[in-house]
Amino acid sequence: MELLHKARELSIYTAYNTNVDAIVFLKGETVQKLIDEFGATAVRRRMEEYPREINEPIDFVARLVHALKTGKPMAVPLVNEELHEWFDSHFKYDVERMGGQAGIIANLLANLDFRRVIVYTPHLAKKQARMFVDKPNLFYPVVEDRKLTFKHPREAYREGDPIKVNRIFEFRAGTTFKLGSETITVPFSGRFIVSARFESIKIHTKSELRPFLPEIGSKVDGAILSGYQGIKLRYSDGKDANYYLKKAKEDIILLKRKKDVKVHLEFASIQNRELRKKVIYNLFPLVDSVGMDESEIAHILNALGYSKLSDRIFTYNRIEDTVLGGKILIDEMNLEILQIHTIYYIMYVTHADNPLSEEELMQSLELATTLAATRASLGDIKSPEDFKVGLKVPYNERGEYVKLRFEEAKRKLRTREYKVVIIPTRLVKDPVSTVGLGDTISAGAFTSYLALLKEKGEL
Ligand code: AMP
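Fair warning: this is a prediction, and the values are worked out from it, not measured in the lab. (Residues numbered from 1 in each chain as written. Predicted model: local features only at pLDDT ≥ 70, side-chain atom pairs only at ≥ 80, totals over all residues. Heavy atoms only, no water.)

**Points about the overall build of the protein**
Counted only if it meets this: Strands here are runs of E lasting at least two residues and helices are runs of H or I lasting at least four, both read from the DSSP assignment and numbered beginning at the N terminus. Between buried and exposed lies partly exposed: a residue is buried under 20% and exposed over 50% of the maximum accessible area for its type, with that area taken using a 1.4 Å probe on protein chains only. We call two residues contacting when some pair of their heavy atoms lies within 4.5 Å. Here the accessible surface of atoms and residues is derived via Shrake-Rupley with a 1.4 Å probe, and residues count as covered only by protein chains that are part of the display. We count Lys and Arg on the positive side and Asp and Glu on the negative side, and we leave His and both chain ends out. Here the site of a charge means atom NZ of a Lys, CZ of an Arg, CG of an Asp or CD of a Glu.
When helices and strands are tallied, the protein shows 17 helices and 17 strands. Among the 459 residues that make up the protein, the fraction classed as buried is 57%. The long-range fraction of contacts in the protein, counting pairs at least 24 apart against all pairs at least 6 apart in sequence, stands at 75%. Carbon and sulfur atoms provide 48% of the accessible area of the protein, an area that totals close to 20100 Å². If you average the places of the 70 positive and of the 64 negative side-chain charges in the protein, the two averages end up 1 Å apart.

**Observations regarding the sheet that holds strand S4 (residues 95-99)**
Test applied: Two strands qualify as a pair provided that DSSP identifies no fewer than 2 bridges between them. Axes here refer to lines fitted to C-alpha atoms; in helices the fit is confined to the stretch in contact. Angles between the N-to-C directions go from 0 to 180 degrees.
Pairing is mixed in the open sheet, where five strands are placed in the order S3-S11-S8-S2-S4. With one partner strand each, in any of the chains shown, strand S3 (74-78) and S4 form the two edges of the open sheet. The average angle at which neighbouring strand axes cross in this sheet is 20 degrees, direction not considered. With five bridges connecting them, strand S2 (residues 19-25) and S4 associate as antiparallel partners.

**Examining the layout of surface pockets**
This is how the line gets drawn: Buried and open spaces are told apart on a 1 Å grid over the protein atoms alone, a cavity being a set of points where a 1.4 Å probe fits but cannot get out and a pocket being an open set with protein on both sides within 12 Å along at least five of seven lines. Residues with an atom within 4 Å of a point are the lining residues. Grid points are joined across faces, edges and corners, and a volume is the space filled by probe spheres set on the points. When residue character is reported, Ala, Val, Leu, Ile, Met, Phe, Trp, Tyr, Cys and Pro are called nonpolar, Asp, Glu, Lys and Arg charged, and the others, Gly included, polar.
In this structure, the second largest pocket spans a volume of roughly 410 Å³. Elements that contribute at least two residues to the lining of the second largest pocket include exactly S2, S4, strand S8 (165-171) and strand S11 (190-196). When its residues are assigned to classes, the lining of the second largest pocket shows eight nonpolar, five polar and four charged.

**Comments concerning the pattern of salt bridges**
This is how the line gets drawn: A pair is scored as a salt bridge if a Lys or Arg side-chain nitrogen falls within 4 Å of a carboxyl oxygen belonging to Asp or Glu.
Summed over the entire model, instances satisfying the criterion amount to 28 salt bridges. Among the ionic pairs, Lys6 bridges to Glu2, the shortest N-O distance being 3.7 Å. Of the two residues, Lys6 and Glu2 both sit in helix H1 (residues 2-7), four residues apart, roughly one turn of that helix. For Lys6, a relative accessible area of 27% corresponds to the partly exposed category. Residue class for Glu2 comes out exposed when judged on its relative accessible area of 60%. Of the charged contacts in the structure, one is a salt bridge between Arg44 and Glu182, with a shortest N-O distance of 3.8 Å. Remark: Glu182 occurs in strand S10 (residues 182-185) and Arg44 occurs in helix H3 (residues 40-49); sequence separation between them is 138 residues. According to the relative accessible area criterion, Arg44 is partly exposed, its value standing at 32%. The class for Glu182 is partly exposed, based on a relative accessible area of 27%. What emerges from the salt-bridge pattern is a single network uniting Arg46, Glu49, Glu56 and Asp59.

**Details of unusual backbone geometry**
Cis geometry is adopted by the peptide bond preceding Tyr16, which originates at Ala15 and carries an omega value of 15 degrees. Topologically, Tyr16 is positioned in strand S1 (residues 11-16). Despite not being glycine, Asn317 shows a phi value in the positive range, around 50 degrees. Here Asn317 is to be found in the loop between helix H12 (307-316) and helix H13 (319-333).

**What to know about the packing of helix H10 (residues 273-283) against helix H11 (residues 294-303)**
We count it as follows: Each angle is binned into one of four classes, with values under 35 degrees roughly parallel, values over 145 roughly antiparallel, values of 65 to 115 roughly perpendicular, and all other values oblique.
Contact geometry for H10 and H11: axes closest at 10 Å, N-to-C directions at 90 degrees. Taken as axis vectors, H10 and H11 run roughly perpendicular relative to one another. Side by side, H10 and H11 meet where Arg273, Arg276, Lys277 and Ile280 of the first sit next to His299, Ile300, Asn302 and Ala303 of the second.

**Topic: the packing of aromatic side chains**
To keep things clear, this is the line we draw: Think of it this way: a Phe, Tyr or Trp ring, Trp meaning its six-membered ring, pairs with another when their centres are within 6.5 Å, and the plane angle makes it stacked under 30 degrees, edge-to-face over 60, tilted otherwise. The criterion for a charge sitting over a ring is simple: Lys NZ or Arg CZ within 6 Å of the ring centre, and within 35 degrees of the ring normal.
By the definition in use, this model includes 17 aromatic pairs. Taking 5.9 Å as the distance between ring centres and 85 degrees as the angle between the ring planes, the aromatic pair formed by Phe60 and Phe91 counts as edge-to-face. Taken as a pair, Phe60 in helix H4 (residues 57-70) and Phe91 in the loop between helix H5 (83-90) and S4 lie far apart in primary sequence, 31 residues in all. For Phe91, a relative accessible area of 6% translates into the label buried. Taken together, a centroid distance of 6.3 Å and an interplanar angle of 75 degrees make the contact between Phe139 and Phe150 edge-to-face. Within this pair, whereas Phe139 is found in strand S6 (residues 138-144), its partner Phe150 is found in strand S7 (residues 147-151), the two being separated by 11 residues in sequence. Take Phe139: its relative accessible area is 18%, and that puts it in the buried class. In this structure Phe150 comes out as partly exposed when scored by relative accessible area, which is 21%. The cationic tip of Arg63 hangs over the ring face of Tyr50; the distance from NZ or CZ to the ring centre is 4.0 Å. Geometry around Phe139 places Arg116 over its ring, the cationic atom sitting 4.5 Å from the centre.

**Digging into the site of the ligand**
How we decide: Proximity criterion: a residue is near a molecule or strand once any of its heavy atoms comes within 4 Å of it. The definition of a polar contact used here is a pair of N or O atoms within 3.5 Å, where within protein one atom must be able to donate a hydrogen and the other to accept one, and adjacent residues in sequence count solely through side-chain atom pairs.
For the ligand, the set of nearby residues contains 13 residues, the closest of which are Asp293, His341, Thr342, Val428 and Gly438. For the ligand, an oxygen atom lies 2.8 Å from a polar atom in the backbone of Thr342. In isolation the ligand offers 500 Å² of accessible surface; the protein chains occlude 80% of this area. Here the shell around the ligand takes three residues from helix H17 (residues 437-455), the largest share from any one element. Broken down by class, the residue content of the shell around the ligand amounts to seven nonpolar, four polar and two charged.

**A look at the environment of Arg210**
With respect to the helices and strands, the residue Arg210 is situated in the loop between S11 and helix H8 (213-219). Spatially, the C-alpha atom of Arg210 lies 10 Å from that of Val143, the residues being 67 residues apart in sequence. Contacts of Arg210, omitting those with residues within four sequence positions, involve Thr205, Lys247, Glu250, Asp251 and Leu254.

In structure tokens:
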């Protein structure tokens, strides 16, 4: 709790990705209506074709019915922007909430009463703006009369901005409906996600704001950047991923121009190997800190050419392989700190000259897992007081085993040139929600790391 108080003294900038998560708790009769609208024969035919993207409503119905029949969680990209209206006229959303890493992190830090949270997302439609919490410490940068000012995001929206809505259809085991003469009963609970992938959603800083990035950097103690997974390889106007990555690189350099502000990059899985590689090679060398989960480090190692090590991490989840992978990554990319979270433990890897002691690094990870446990217990973190809920969550039952394996790994591998620390996670048995837990861990870890650096006069 004490470290949280210290972290709350900080000001943080976060960009780029936000979206609206619109959640529907599906009922059998809703599915029945959809099938009746298009006709069972047509739906069945489209199911056999198994569309990979949603271009028209029947693609959605076919993939949804398929997901319900198997009970498997799935996500299918929606590529036709015109279908927004169709969805909105067919469904009433039970819950609409902030999605996207930058949005989730901004709301989290604002609710924790951080000194100042500046959030930037290139698209800010009214509906998106309303998803931000109503806190006086939350700001959106606005350029007026060629000067930088700040407004609450709810006041800064722009009519006509595109909006990314991810529609999440939660389904329960036992739901039934008929597909023609066939009666379908959903075998498992899960969710079907229609994720919006439109060209109009870009990951960049708009040109009017870019000249002010040095000023923004000078006003904050740290920056958390995420959303690069949303970059596309090619755009219809001829621009490509190289163009946007060049801009992303410049953004980081600009943020650091006036003051060498620490930058954390939160890595999310990128399916396309070519893009994944580009993000790693272009951006990792420019940032100070990177956070990711275990499957992401395996993907990254694969992209860097360490395919055997990557396969081992995927297959065995051994701590020693993750430590080895972490060492490779901080060396090759010259990172100051790397944070890897898994379901059972969280790890930091730094070089030996890191100003923080191993105990301090562990304190930072403790804060991170406690915050995640709070969010998993409550669904959302509304105030710093909520943190107490997380403190009551016990460490997972493999905690002792994790520590043992870690000590073993340290003996086996040369770790003298590094600081590697690990803590077991506090794991909530029946979480209200698991969305945003990784982002919560990374925001908690990075900000408490900064707070400890600051205390030592190293920031
Ligand atoms: P990500 O894969 O980036 O979304 O991160 C998920 C992380 O959240 C995991 O690595 C765990 O550390 C944490 N986590 C997942 N489930 C729970 C839970 N039930 N209680 C607390 N933490 C959790």
